[in-house]
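Take a look at the letters that make up each chain.
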Amino acid sequence: MNNVNGILLLVGSMAAFAIEDMFIKHLSATVPTGQILIALGIVCGGSFAILAVASRKRIFDPAAWGLLPLARAASEGLGAVLFVTALSLIDLSTVAAVFQALPLAVTMGAALFLGEQVGWRRWSAIGVGFIGVLMIIRPGLEGFQPETLLVVATVFLIAARDLITRRLDVRVASTVVAMQAYIAAIIAGGVLMISTGQTYAPVQSAQVLPYLAAFVFSMLGYYGIVAAMRVGEASAMMPFRYTRLVFSMIAGMLMFSERPDALTLAGATLIIGSGLYTFVRERRLARQMVPA
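These remarks concern the structure in this document.

What counts and what doesn't
Residues numbered from 1 in each chain as written. Predicted model: local features only at pLDDT ≥ 70, side-chain atom pairs only at ≥ 80, totals over all residues. Heavy atoms only, no water. Helix = DSSP H or I, 4+ residues; strand = E, 2+ residues; numbered from the N terminus. Rg over C-alpha atoms; globule rule 2.2 N^0.38 Å. Contact = heavy atoms within 4.5 Å. Areas by Shrake-Rupley, 256 points an atom, 1.4 Å probe, with all protein chains shown as cover. Lys, Arg positive; Asp, Glu negative; His and termini not counted. Charge placed at Lys NZ, Arg CZ, Asp CG, Glu CD. 1 Å grid on protein atoms, 1.4 Å probe; cavity = no way out; pocket = protein on both sides within 12 Å on 5 of 7 lines; lining within 4 Å. Points joined across faces, edges and corners; volume = space filled by probe spheres on them. Axes fitted to C-alpha atoms, helices over the stretch in contact; angles between N-to-C directions. Left-handed = near helix turned anticlockwise from the far one by under 90°. Nonpolar A, V, L, I, M, F, W, Y, C, P; charged D, E, K, R; others polar. Phe/Tyr/Trp six-rings, centres within 6.5 Å; stacked < 30°, edge-to-face > 60°. Lys NZ or Arg CZ within 6 Å of the ring centre and 35° of its normal.

## What to know about the overall build of the chain
On a plain count of helices and strands, the chain comes out with 12 helices and zero strands. In the chain, the succession of helices and strands from N to C terminus is α-α-α-α-α-α-α-α-α-α-α-α. Compactness check: the chain gives a C-alpha radius of gyration of 19 Å against a globular reference of 19 Å for 292 residues, within 12% of the reference. Over its C-alpha atoms, taken along the principal directions, the chain stretches across nearly 60 × 55 × 35 Å. The long-range fraction of contacts in the chain, counting pairs at least 24 apart against all pairs at least 6 apart in sequence, stands at 87%. Taken as a whole, the chain presents about 14,300 Å² of accessible surface, with 69% of it coming from carbon and sulfur. Computing the positive centroid from 20 side-chain charges and the negative centroid from 14, the chain places the two 10 Å apart.

## Let's talk about the layout of surface pockets
A water-sized probe, rolled over the atoms, reveals where empty space remains. Roughly 160 Å³ of volume is contained in the second largest pocket. Lining the second largest pocket we find 14 residues, and of these Thr94, Arg138, Gln145, Asp261 and Thr264 sit closest to its centre. Among the secondary structure elements, those contributing two or more residues to the lining of the second largest pocket are α4 (92–99) and α6 (120–137).

## Quick word on unusual backbone geometry
In the Ramachandran plot, Arg138 falls in the positive-phi region, its phi being about 55° despite a non-glycine side chain. As for its placement among the helices and strands, Arg138 is situated in the loop between α6 and α7 (148–165). A positive phi angle, near 55°, is found at Ser257, a position not held by glycine. Along the chain, the position of Ser257 falls in the loop between α11 (243–256) and α12 (262–289).

## What to know about the packing of helix α1 (residues 3–28) against α11
Running from N to C, α1 and α11 cross one another at 35°; their axes reach a closest spacing of 8 Å. Between α1 and α11 lies a crossing of right-handed hand. Every residue of α11 that contacts α1 at Val11, Met14, Ala15, Phe17, Ala18, Asp21, Met22, Lys25 and His26 is listed here: Thr243, Arg244, Phe247, Ser248, Ala251, Met255 and Phe256. Residue classes in the contact of α1 with α11 are distributed as 10 nonpolar, three polar and three charged.

## Here's the deal with the packing of aromatic side chains
In this structure the tally under the stated criterion is seven aromatic pairs. Three or more aromatic residues joined by ring pairs form one cluster here, namely Phe48, Tyr182, Tyr222 and Tyr223. One cation-aromatic arrangement involves Lys25 over Phe256; the distance from NZ or CZ to the ring centre is 5.6 Å.

## So, the packing of α4 against α7
At their nearest, the axes of α4 and α7 sit 9 Å apart, and the two run at 35° to each other. α4 and α7 meet at a crossing whose hand is right-handed. In this structure, α4 uses Thr94, Val95, Val98 and Phe99 to contact α7, whose residues at the interface are Thr148, Val151, Val152, Thr154, Val155 and Ile158. Taken together, the residues of the contact of α4 with α7 sort by class into seven nonpolar, three polar and no charged.

In short, geometric facts, not functional conclusions.
So this is what it looks like as structure tokens:
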């Protein structure tokens, strides 16, 4: 395993996802969110379908279309709708800060639904992390934006996706899983457009570059994270997922003149700190379980 290369790939993928989010937010000012999801789904899903066929993966393997893979795709599709909607309504840096609670939600879900042992220290860290989320969204206080609850819902949906992924049949190729996720995005985007009365917005010349950038960085982000997991140890790279918040804040400041306030920064610090503590604690327990 080459952890240095893996970390560099992971950091690159986090930067790519942050740039993708930036262009999606930029497009959402003039393009319906459902249309953005459909376009992403068609281009990126089609690309993964081509890759699956080129690498001789079985797209229609029955194992890939069972209840668990479809539940995973549904979680991702609904999560994508909520995430893109949130991006269109609130600051990019706020969305990214709340989204950093994902590892904590995965740990909590693994304890509640997969029977994994989580001691009081990690439960305490999870609690502290969600206090950080409350500091950012500020329910009942001045400055509260109800739209931030969309990001909280997204965190739990994507956590469900990650937990389901652990139970997928190993015969199901990652390219097929990715293709299913983008198909779900197409369906979810279509439902969103119909249910909210969104109408198709013809592509303008000024939108071509943001569209292409969103497609390219979406693909780069996915491939970066897959490549990172293949060349490095997941446990060594996990802390570097938080670099996405740094890149998102930089993008928000440069592109949208955002200025995260002190409470948002303090909440983000609590989330990241509790997530890192959970990671360190899990790694220490894993080492203790290895026989001498």
